[in-house]
Amino acid sequence: MERLEQRVRTSGIEPKPSWLRVRFAAGERYKRLEGLLRKHQLHTVCEEARCPNIGECFSAGTATFMILGDECTRSCGFCAVTSGRPQEDPDWREPFRVAKAVRILRLDYAVITSVTRDDQPDGGAGIFADCIRVIRHQSPNCRVEVLIPDFMGNWNALAAVVEARPFVLNHNVETVPRLYARVRPKARYERSLELLRRAKELDRSLLTKSGIMVGLGESLEEVLEVMVDLRAAGVDIVTIGQYLRPSLRHLPVERYYAPEEFVPFVGQGHRLGFRHVEAGPLVRSSYHAHRQVGLEAAAGGGGS
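Numbering of residues begins from 1 in every chain and follows the order in which that chain's sequence is written. Side-chain atom pairs in this predicted model are given and counted only at pLDDT of 80 or more, local residue features only at pLDDT of at least 70, and totals for whole chains, interfaces and linings cover all residues. Side-chain calculation: all heavy atoms of the structure are included, whereas hydrogens and water are not.

Caption draft 1: Up close: the pairing of strand β3 (residues 109–114). Only protein chains enter the accessibility calculation, which uses a 1.4 Å probe; a residue is then buried when its area is under 20% of its type maximum, exposed when over 50%, and partly exposed in between. Secondary structure is summarised from DSSP: a helix means a run of H or I of at least four residues, a strand means a run of E of at least two, and numbering begins at the N terminus for each. For β3, the buried fraction is high: 6 of the 6 residues fall into the buried class. Where burial is concerned, the two faces of β3 agree: the one with Tyr109, Val111 and Thr113 and the one with Ala110, Ile112 and Ser114 are both buried. The criterion for strand pairing is that DSSP finds at least two bridges linking the strands in question. Relative to β3, strand β2 (residues 64–67) is paired through 4 bridges, and the arrangement is parallel. Looking at the pairing, phenylalanine 65 lines up with isoleucine 112 of β3. We call a crossover right-handed when, viewed with both strands directed away from the observer, the connection leading from the first strand over the helix to the second proceeds clockwise. In this fold, the crossover linking β2 to β3 by way of helix α5 (residues 94–105) has right-handed handedness. As judged from the 5 bridges shared by β3 and strand β4 (residues 143–147), these two strands associate in the parallel manner. The residue of β4 that forms the bridge with isoleucine 112 is valine 146. The parallel pair β3 and β4, bridged by helix α6 (residues 125–138), forms a crossover whose chirality is right-handed.

Caption draft 2: View of the pattern of salt bridges. A pair is scored as a salt bridge if a Lys or Arg side-chain nitrogen falls within 4 Å of a carboxyl oxygen belonging to Asp or Glu. All told, the structure shown has 14 salt bridges when counted by the stated rule. As a salt-bridge pair, glutamate 145 and lysine 209 come within 2.8 Å of each other at their nearest N and O atoms. Of the two residues, glutamate 145 sits in strand β4 while lysine 209 sits in strand β6 (residues 207–214), which places them 64 residues apart along the sequence. Salt bridges sharing common partners tie together Arg74, Asp118, Asp150 and Arg191.

Caption draft 3: Expanded view of helix α10 (residues 220–232). An ideal rise of 1.5 Å per residue puts 18 Å on 13 residues; α10 measures up with 19 Å between its terminal C-alpha atoms. By the convention used here, residues are in contact when the closest approach between their heavy atoms is within 4.5 Å. Check the buried side of α10 and you find it contacts α9 (189–202), β6, β7 (237–242) and α11 (263–272). Among the residues trailing α10, glycine 234 stands out with phi positive, at a value near 90 degrees. Given the number of residues in a helix, its expected span is that number minus one, multiplied by 1.5 Å.

Caption draft 4: Focus on the packing of aromatic side chains. Centres within 6.5 Å make a pair out of two Phe, Tyr or Trp rings, where for Trp the six-membered ring is used; the pair is then stacked when the planes are under 30 degrees apart, edge-to-face when over 60, and tilted otherwise. Summed over all chains, the structure comprises 5 aromatic pairs. Between phenylalanine 128 and phenylalanine 151, the ring centres sit 6.5 Å apart and the planes meet at 80 degrees, which makes this aromatic pair edge-to-face. A residue pair is termed long-range when its members are at least 10 positions apart, and phenylalanine 128 in helix α6 and phenylalanine 151 in the loop between β4 and α7 (155–163) qualify at 23 residues. Just as phenylalanine 128 is buried, phenylalanine 151 falls in that class too. For the pair tyrosine 257 and phenylalanine 262, a centre-to-centre distance of 5.9 Å together with 50 degrees between the ring planes defines the contact as tilted.

Caption draft 5: Spotlight on the packing of α5 against α6. Fitting a line to C-alpha atoms yields each axis, with helices limited to the stretch in contact; the angle taken between N-to-C directions then spans 0 to 180 degrees. At a minimum axis separation of 8 Å, α5 and α6 run at an interaxial angle of 40 degrees. α5 and α6 meet at a crossing whose hand is right-handed. Note on element contacts: α6 touches α5 through Ile127, Asp130, Cys131, Val134, Ile135 and Gln138, opposite Glu94, Pro95, Phe96, Val98, Ala99, Lys100, Val102 and Arg103. By convention, the crossing between two helices is left-handed when the near helix turns anticlockwise from the far helix through less than a right angle, and right-handed when the turn is clockwise.

Caption draft 6: Local environment of the nonpolar core. Grouped together as the largest cluster of nonpolar side chains are 71 residues, with contacts concentrated most on Ile112 and Leu169. No other element matches the 8 residues that α6 contributes to this core. With sequence-adjacent residues up to four places away left out, isoleucine 112 is seen in contact with Phe65, Ile67, Val98, Phe128, Cys131, Ile135, Val144, Glu145, Val146 and Leu147. Remark: nonpolar core denotes a set of buried residues (Ala, Val, Leu, Ile, Met, Phe, Trp, Tyr, Cys) joined through side-chain atoms within 4.5 Å.

Caption draft 7: Expanded view of the packing of α9 against α10. With their axes 9 Å apart at the nearest point, α9 and α10 run at an angle of 35 degrees to one another. Across the interface between the two elements, Tyr189, Leu193 and Leu196 of α9 pack against Val226, Asp229 and Leu230 of α10.

Caption draft 8: How the structure looks around the environment of serine 75. Mapping serine 75 onto the fold places it in the loop between β2 and α5. Owing to a relative accessible area of 45%, serine 75 belongs among the partly exposed residues under this scheme. For the pair serine 75 and proline 185, spaced 110 residues apart in the sequence, the C-alpha separation amounts to 8.0 Å. When near neighbours in sequence (up to four residues on either side) are disregarded, serine 75 contacts Ser83 and Pro185.

This is the structure we're talking about:
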């Protein structure tokens with residue numbers, strides 16, 4: 001044990017507290033889903049972002065599909081997804097591959113996210129919209145949640161996604177405004193809030209959602225202020241989880257929050273009027289997504 005602790009210290013990677021140690025499940029359903037993703041040339045954010053819940057979710061036959069390739073045009077300080085300039089244009093056949101996987105898995109709830117594609121005029125909004133439409137056509141009972149980028153403030157692109165009628169539209173603010181320059185250097189806090197506000201204005205029946213990580217140097221007061229801002233923008237569901245450092249190239253963890261420290265976020269969220277608050281060390285944006293909208297009986301859900 002002493003040798004292990006020494007290796008951790010010298011590697012520069014912070015040792016995780018006991019409540020963040022996850023038992024990796026890899027049963028038959030895990031292998032089946034992994035094989036299906038490879039067969040249909042599909043990506044998941046579960047794999048790309050090294051989500052700690054991947055074993056649980058894959059074994060349950062659930063995943064968050066990541067469209068528009070696996071190379072992101074941004075390089076956020078917290079994210080494990082590969083960054084660079086994508087060499088290929090979006091594949092307009094991808095929505096059909098995703099829809100086929102959803103149908104084969106017989107999902108009642110599917111989550112679709114993407115890398116950020118600032119190289120595209122619409123940021124990939126057209127592919128998002130097609131995914132929603134094709135899934136609905138092939139699996140009429142499947143509800144679709146989309147986790148979208150900010151489209152660089154292209155509100156026509158946002159409108160295209162909303163018009164396709166997702167069940168939930170999710171866009172994460174990720175952190176508090178003070179830390180944006182370090183954590184999300186190409187993003188803008190006010191732009192993300194405006195996206196969420198505009199989405200709600202475009203369709204009042206649309207459930208909107210956002211998420212934030214803690215452990216990057218924010219204060220409790222700053223997190224609560226973000227929650228106030230999100231509720232003022234009409235957001236219905238908020239997720240709050242612990243930031244985990246993917247590698248030494250990424251931002252260090254400033255602090256690990258104990259499970260009980262997430263309880264006040266839930267109470268504050270209820271007081272503010274959120275429909276649901278999902279908060280805890282292992283919470284990720286789409287983790288148990290179907291439960292967040294009151295669909296505990298659904299067969300599928302988000303995986304990261």
